Amino acid sequence: MFKNNYQGGAVVEVFSAQGNNPVAKWKLQGAPASIKKIFDKEVKGFVYCVEGSSQTVKMLIPEDGKTTLGLLQRFLVLQVNIPECRDFSIELIISDSTHLKKRLYFSTVHKEFSATPLHARIPFVSLKQNIWSNLCIDLVSFTAELFKTAVFRTLDSIAVCANCKIRRIFTMKTEATDTSDGGGKCGDSLFSELGLGEVIPRSCRFPQDVCHVTQVFSMEGARQTAATKLLNSDSGRHSSPASAGGSAVPRKHSSASHVAFGTRVSRPPPPLPPPHPQHARKRSRSREEMHARGSELSLLPSQGQAARDISVRLSDATPCDTKNAFEDEVTGRTGGLQPLPPQDRALGRQKLRLPTAGWKKTLSSATGTGPAARAVLRGEAGERAGRPPSEPGGSGQPLTQADEMRGLQTAG
């Protein structure tokens, strides 16, 4: 469309809302009520209002895919007014030095840069809203940075998506002066007085009493703005309420469960606060006491076993031996009592007959009634018990009175 036109001047005008049919060479997508021409009292002229979804409502030039714009100048400028809290997008098709077409998609929806060999998404960061602005886009900068080896050659297609009011579109050979940091300015007389020259050529300026800004979008500036915005958001997220001048309000825990992928999952319990140092000392002291008591209790089984051994040995000993054994246990001496040897199994199977009442009476009336006599009698009875049944006085025959008297005489 502009390939055969002269593009060596300061600007090349692409679109103007003034005139009888400004969109004759444009393709309008969306409902008829979404794109309409209205008179704006602020700029005292006609503008096109584009409203709706940024995906479906747009204005494209050229209207068919066979024709290209062929714009050669480096900077693309759009005079737009973007409503607050609404999405806005611009889609540009460019050609590089190798005649490959690439797409640049600028949008307020995107939050990060992304690029492929043929497509790039650029976020509109810190875009001024509710004010008329000159959006100056550096095509050479974005092409070189996003597509690396590519070199900008021509701008072939422009698509202006909802939501905005658009007054004029043109290209510039030189970069305009960015005035977005100083707020809205009425006219460009201030920059002329400072010797900065004309910010925008006179034929494309806003009226003198219209407050507007000029924003220059380049790859370097967009990256710096995005990094600054991300840093500010992170610092605001990590700053505590006390440092911001507000009172620190404890955070309430949410419900005990939440729904994840259609399933109710229980939340982990909230972490417990760290114990007070004084409480920690008390807990450590109580742990030490419990450990000491446990070590004392661990000695009880061995002491109980020793007591049971002593009771067994004392039950098998005489009163005199019991007294000596008790003294040995108290004083720590050894050798007092010795364990008894195991009894013979044959003896355990034989039935020993106890002495009769008459024998006990005779034994008590005898002269030799001391311990020695009783020991002899016990030995005699053991010998008789050990004899086979065929011998006289064996375990099969009871003791006679002659045997008892013989034992008494031997003891005497």
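To be clear, the structure that these remarks concern was listed above.
Source: prediction; values computed, not measured.

Novice: Mind showing me how you'd approach the overall build of the protein here?
Specialist: A count of helical and extended segments in the protein gives 10 helices and 17 strands. The buried share of the protein, reckoned over its 412 residues, is 32%. When contacts within the protein are restricted to residue pairs at least 6 apart in sequence, long-range pairs at least 24 apart make up 70% of them. Looking at the protein as shown, the accessible area adds up to about 26600 Å², and 55% of this sits on carbon and sulfur atoms.

Novice: Looking at this structure, how should I read the packing of aromatic side chains?
Specialist: Applying the stated criterion across every chain yields a total of eight aromatic pairs. The ring of Phe-46 is capped by Lys-37, whose NZ or CZ atom sits 4.9 Å from the centre of that ring. One Lys or Arg, Lys-102, reaches over the ring of Phe-147 and ends 5.1 Å from the middle of that ring.

Novice: For this particular structure, what's the right way to read the pairing of strand 7 (residues 89-96)?
Specialist: Working note: regular strand, side chains alternate between the two faces of the sheet. For strand 7, a buried count of seven out of eight residues is recorded, marking the element as mostly surrounded by other parts of the structure. Taken together, the seven bridges between strand 7 and strand 8 (residues 101-107) define a ladder with antiparallel strand orientation. Among the inter-strand pairings, Leu-92 is bridged to a residue of strand 8, identified as Leu-104. The pairing of strand 7 with strand 12 (residues 152-161) spans seven bridges and is classified as antiparallel. Within the sheet, the bridge partner assigned to Glu-91 lies in strand 12 and is Ala-159.

Novice: How should the side chain of Lys-58 be read in this particular structure?
Specialist: Residue position: Lys-58 is located in strand 5 (residues 58-61). The exposure class assigned to Lys-58 is buried, which follows from its relative accessible area of 12%. In contact with Lys-58, other than residues within four places in its own chain, are Lys-27, Leu-28, Gln-29, Ile-35, Glu-91, Val-160 and Cys-161.

Novice: Looking at this model, I keep getting lost on the nonpolar core. Mind explaining?
Specialist: If you look at the biggest cluster of nonpolar residues, it comprises 46 residues, and the most contacted ones within it are Leu-104, Ile-158 and Ile-169. In contact with Leu-104, other than residues within four places in its own chain, are Ile-90, Glu-91, Leu-92, Ile-94, Ala-120, Ile-122, Phe-142, Leu-146 and Phe-147.

Novice: Help me understand the sheet that holds strand 10 (residues 119-123), please; the structure alone is not making it clear to me.
Specialist: Taking strand neighbours across the sheet as the criterion, the seven strands line up as 2-5-12-7-8-10-9 in an open arrangement whose pairing is mixed. The open sheet has two free edges, formed respectively by strand 2 (27-29) and strand 9 (114-115), since each of these has just one partner strand. The strands touched by helix 1 (residues 139-146) within the sheet are strand 7, strand 8, strand 9, strand 10 and strand 12, with strand 12 carrying the most contacts at an inclination of about 105 degrees.

Novice: Explanation requested: the pattern of salt bridges in the structure shown.
Specialist: Where side chains of opposite charge bring their charged atoms close, a pairing between them can arise. By the definition in use, this model includes seven salt bridges. Notably, a salt bridge pairs Asp-209 with Lys-44, separated by 3.0 Å at the nearest N-O pair. With a gap of 165 residues between them, Asp-209 in the loop between helix 2 (189-193) and strand 15 (211-217) and Lys-44 in the loop between strand 3 (35-40) and strand 4 (45-50) connect regions that are remote in the sequence. We note a salt bridge from Asp-156 to Lys-101, for which the minimum N-O separation is 3.1 Å. With a gap of 55 residues between them, Asp-156 in strand 12 and Lys-101 in strand 8 connect regions that are remote in the sequence.

Novice: What exactly am I supposed to notice about the environment of Asn-163 here?
Specialist: Among the structural elements, Asn-163 can be located in the loop between strand 12 and strand 13 (164-172). Looking at Asn-163, the relative accessible area reads 4%, which means it is buried. Measuring from C-alpha to C-alpha, the distance between Asn-163 and Val-80 comes to 9.9 Å, with 83 residues separating the pair along the chain. In this view, Asn-163 contacts Val-50, Glu-51, Gly-52, Ile-82, Pro-83, Arg-86, Asp-87 and Phe-88; residues no more than four positions away in its chain are not counted. A distance of 2.9 Å separates polar atoms of two side chains, one belonging to Asn-163 and the other to Arg-86.

Novice: I would appreciate a short explanation of helix 1 in the present structure.
Specialist: One turn of an α-helix holds 3.6 residues; hence residues three or four places apart share an orientation. Within the sequence span of helix 1, burial applies to Leu-139, Ser-141, Phe-142, Thr-143 and Leu-146. Two or three places before Val-140, at the opening of helix 1, Asp-138 has a side-chain oxygen 3.4 Å from that residue's backbone nitrogen. Positive backbone phi, approximately 55 degrees, marks Lys-148, located one or two places after helix 1.

Novice: Please explain the environment of Glu-84 as it appears in this structure.
Specialist: On the secondary structure map, Glu-84 appears in the loop between strand 6 (75-81) and strand 7. Residues Glu-84 and Lys-128, 44 residues apart in the sequence, show an inter-C-alpha distance of 8.8 Å. Polar side-chain contacts of Glu-84 include one of 3.2 Å to the side chain of Asn-130.

Novice: Honestly, unusual backbone geometry in this entry has me stumped. Any pointers?
Specialist: What is expected of a backbone is that most residues other than glycine have negative phi and most peptide bonds are trans. The omega angle of the peptide bond from Ile-61 to Pro-62 is -5 degrees, so this bond is cis rather than trans. Mapped onto the fold, Pro-62 is located in the loop between strand 5 and strand 6. We note that Cys-85 has phi near 60 degrees; this positive angle belongs to a residue other than glycine. With respect to the element layout, Cys-85 can be found in the loop between strand 6 and strand 7.

Novice: Help me out: how do you make sense of the side chain of His-110 in this one?
Specialist: Among the secondary structure elements, His-110 is positioned in the loop between strand 8 and strand 9. His-110 has contacts with Tyr-105, Arg-121, Ile-122 and Pro-123, leaving out every residue within four places of it along the chain.

Rules and cut-offs
- Residues numbered from 1 in each chain as written.
- Predicted model: local features only at pLDDT ≥ 70, side-chain atom pairs only at ≥ 80, totals over all residues.
- Heavy atoms only, no water.
- Helix = DSSP H or I, 4+ residues; strand = E, 2+ residues; numbered from the N terminus.
- Buried < 20%, exposed > 50% of the residue type's maximum accessible area, 1.4 Å probe, protein only.
- Contact = heavy atoms within 4.5 Å.
- Areas by Shrake-Rupley, 256 points an atom, 1.4 Å probe, with all protein chains shown as cover.
- Phe/Tyr/Trp six-rings, centres within 6.5 Å; stacked < 30°, edge-to-face > 60°.
- Lys NZ or Arg CZ within 6 Å of the ring centre and 35° of its normal.
- Pairing = 2+ DSSP bridges.
- Core = buried A, V, L, I, M, F, W, Y, C linked by side-chain atoms within 4.5 Å.
- Axes fitted to C-alpha atoms, helices over the stretch in contact; angles between N-to-C directions.
- Salt bridge = Lys/Arg side-chain N within 4 Å of Asp/Glu carboxyl O.
- Polar contact = N/O pair within 3.5 Å; in protein donor to acceptor, adjacent residues only side chain to side chain.

Geometric descriptors of this kind do not, in isolation, establish any biological role.
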